[in-house]
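What follows is the residue order along each chain.
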There are 2 protein chains.
Amino acid sequence: MSDTHALEALVQSLRRLPGVGVRSAQRMAFHLLQHDREGAQVLARALQEAIARMRHCSQCNTFTEAEVCATCSDPRRDASKLCVVETPADQAALERTGAFKGRYFVLMGKLNPIDGVGPRDIGMHKLLERATDGVVQEVIVATNFTAEGEATAHVLAQALKARGLLVTRLARGVPAGSELEYVDLGTIAHALVDRR
Amino acid sequence: MSDTHALEALVQSLRRLPGVGVRSAQRMAFHLLQHDREGAQVLARALQEAIARMRHCSQCNTFTEAEVCATCSDPRRDASKLCVVETPADQAALERTGAFKGRYFVLMGKLNPIDGVGPRDIGMHKLLERATDGVVQEVIVATNFTAEGEATAHVLAQALKARGLLVTRLARGVPAGSELEYVDLGTIAHALVDRR
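Residues numbered from 1 in each chain as written. Chains lettered and ligands numbered in written order. Predicted model: local features only at pLDDT ≥ 70, side-chain atom pairs only at ≥ 80, totals over all residues. Heavy atoms only, no water.

Peer 1: Explain the sheet that holds strand β6 (residues 166–169) of chain A to me, and be specific about the residues and the numbers.
Peer 2: Within a sheet, each strand pairs with its neighbour through backbone hydrogen bonds, oriented either parallel or antiparallel. Residues and elements named next belong to chain A. The parallel open sheet is built from four strands, whose spatial order is β4-β3-β5-β6. Two strands in the sheet have a free side with no partner beyond their single neighbour: β4 (102–106) and β6. Looking at each pair of strands side by side, their axes are set apart by 25 degrees on average, direction ignored. Of the strand pairs in this sheet, strand β5 (residues 138–141) and β6 are connected by four bridges, and their pairing is parallel. Pairing of Ile-140 across the sheet is with Thr-168, part of β6. Packed on one face of the sheet, helix α5 (residues 88–97) meets β3 (78–85) and β4 and runs near 160 degrees to β4. (Pairing = 2+ DSSP bridges. Helix = DSSP H or I, 4+ residues; strand = E, 2+ residues; numbered from the N terminus. Axes fitted to C-alpha atoms, helices over the stretch in contact; angles between N-to-C directions. Contact = heavy atoms within 4.5 Å.)

Peer 1: Kindly report on the relation of the copies chain A and chain B, identifying the contributing residues and their values.
Peer 2: Aligned on chain B, chain A shows an RMSD of 0.1 Å; the corresponding rotation is 180 degrees and the shift along the axis is 0.0 Å. Such a turn and shift between the copies fits a two-fold axis. Identified as the residue of chain A closest to the rotation axis by C-alpha distance is Ala-44 of chain A, at 2.1 Å. Of the residues that chain A buries at the interface, 98% are likewise interface residues in chain B, meaning the two copies contact each other through the same surface. (Least-squares fit on C-alpha atoms with pLDDT ≥ 70 in both.)

Peer 1: Would you mind going over the interface of chain A and chain B in detail, with residue names and values included?
Peer 2: Taken together, the contacts link 52 residues of chain A with 51 residues of chain B. Each partner contributes to the roughly 4700 Å² buried at the junction of chain A and chain B, and carbon and sulfur atoms together form 66% of this total. Scanning the region where chain A abuts chain B turns up three salt bridges. Ionic pairing is found between Asp-36 of chain A and Arg-16 of chain B, a salt bridge with its closest N-O pair at 3.0 Å. Connecting chain A to chain B are 18 residue pairs in polar contact (both at pLDDT 80 or more). Sorting the residues of the side of chain A that touches chain B by element identifies α1 (5–14), α2 (22–35), α3 (37–53), β1 (55–56), β2 (63–64), α4 (70–73) and α5 of chain A as the ones contributing at least two each. Element by element, the count of residues in the side of chain A that touches chain B is highest for α3 of chain A, at 15 residues. (Buried area = accessible area lost by both parts, 1.4 Å probe. Salt bridge = Lys/Arg side-chain N within 4 Å of Asp/Glu carboxyl O. Polar contact = N/O pair within 3.5 Å; in protein donor to acceptor, adjacent residues only side chain to side chain.)

And the structure:
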């Protein structure tokens, strides 16, 4: 209908968000227009600000407003250890543990040949350049333990080892606090193989 | 972190969308910044356009860019029948059937005392004014058959009947094309009571 063009355009643009179908998009549009017009304004401004300000760290590839992100600029971090993660969210999860004091490289994705995501899309060239700076000695590949994450780890490890770097992977095993009875078979099998 | 302020503000504003938690909001923000900056621009503009243009039809309360919406302006629609629905999506569902040629009133919500949604929030005053224009003879209450939709229908029907209007409700019964064996008991019971 010609008198609801702006509403339809809003629904269509909300559908570009991952995981949002036509019904969710309609619900979001109705909610914003009916109950939270201020929220819609805030969101519009936040989108424009984020596009204008956020870029990739020249060192680790994560999102930052600066040339080099806060973690890469921190002189207290051990520059000889480089941890490779898929996303900033994975990096945040590792940081919350407080167990890693090295630096990071954020792939911003994972290899996925079906969706056409190749080595170039996950910044593999940038990672290899970063890892061969002469300071990095160990690369810890902390991609997820999913099919794509494992494939990505395999490809990265091959390329990194070929350049003479020590490449490690996060240990797989039984999660802390869990009972064996309720742990899946694949995890137990891995924990047996990697026993120490 | 101070160097990711714009990203965090974006995540926070995405969380204001209904059904979006912190993880979905992060995933949306990463997706837009990494893969669809044009989509972020389009969404920002669509939000501002929708806020600026969309208002409520003075007749039926639905969203429109005009003073009176397309349905209310259509002289071929029967002004003696007024169908009350919760949302524009419900109105669209009824319109797709082609079975109703009257006019609409869109509540833009439903009564929900727990969430503090009272008669004023669903435009009950505007509905009563609209329904007592001397032309409307029958009000078809087509709120949803949920607990809140039924409660809303009950309250509206009482107020409308008190003003001498004929008030009807959509028939409940067995959905078209369904087999009794797979229909829930409540629906079969209603279909028995309302048999014709």
